[in-house]
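For reference, the chains in residue letters:
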Amino acid sequence: MKKTYTITSVIKPASAQLIYSINMIVTLKYWQLIKVVTLLEKKITDARHAVAQTLYSVLFCEKHLSRTLLTQHERLKSFSKRDKRFAYQLVSVVIRRLGQIDSVLDKFLKYPVKEKNGKVQTLLRLGAAQILFLGTPPYAAVNQTVQLATGSLLKYRALINAVLREIIRNQN
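Calculation rules
- Residues numbered from 1 in each chain as written.
- Predicted model: local features only at pLDDT ≥ 70, side-chain atom pairs only at ≥ 80, totals over all residues.
- Heavy atoms only, no water.
- Helix = DSSP H or I, 4+ residues; strand = E, 2+ residues; numbered from the N terminus.
- Buried < 20%, exposed > 50% of the residue type's maximum accessible area, 1.4 Å probe, protein only.
- Contact = heavy atoms within 4.5 Å.
- Areas by Shrake-Rupley, 256 points an atom, 1.4 Å probe, with all protein chains shown as cover.
- Core = buried A, V, L, I, M, F, W, Y, C linked by side-chain atoms within 4.5 Å.

## Side note on the overall build of the protein
- Secondary structure summary: the protein contains 7 helices and 2 strands in total.
- The N-to-C order of helical and strand elements in the protein reads β-β-α-α-α-α-α-α-α.
- Across the 172 residues in the protein, those meeting the buried criterion constitute 42%.
- Residue pairs in contact within the protein that sit at least 24 positions apart in sequence constitute 63% of those at least 6 positions apart.
- About 10400 Å² of surface is accessible on the protein, with carbon and sulfur atoms providing 53% of the total.

Okay, structure coming up:
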């Protein structure tokens, strides 16, 4: 059964970093409407994905930050100004506060993350920085960070989720 939806509202992704205004009349099924919202939310994940790649290159592949940012520059061109600012701010906060972030993560990890799992450690640092220093809404920081764990990192989603939620519980 098809229904006509008039969308004249602001859709706010879970990350609360990017707001899209949609003003259109569409004839579609309910699941198609959900698909539209999901596609709009993907852009903020792409900004976080670019940050995760940058941090991994700098912290584990020992590449220079300036060179890594230059290689990511082409990708960042397609982002809005707000996304670019968020990406640069997140990279700088993680690098500046790396010691503090790692000490907080060590408190909540039963065993340290092995060096070969640098991508997991990068995602934990990225999520912790958003929660502790950037004022990102906690649910958004956790959700978006967990969504970045794809492919071979799928098995670490529960760990990332648990550690970041424990940071939120013990933040006060």
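From this point, the narrative continues.
## Digging into the nonpolar core
- Core analysis: the biggest nonpolar cluster contains 38 residues, and Leu90, Leu105, Leu124, Ile160 and Ile167 have the highest contact counts within it.
- Those elements giving two or more residues to this core turn out to be α1 (30-59), α3 (81-96), α4 (98-108), α5 (118-134), α6 (138-148) and α7 (157-169).
- Considering every element that reaches this core, the biggest residue donor is α5, with 8 residues.
- Not counting chain neighbours up to four residues away, the residues in contact with Ile167 comprise Val104, Leu105, Phe108, Ala128, Ile131 and Leu132.

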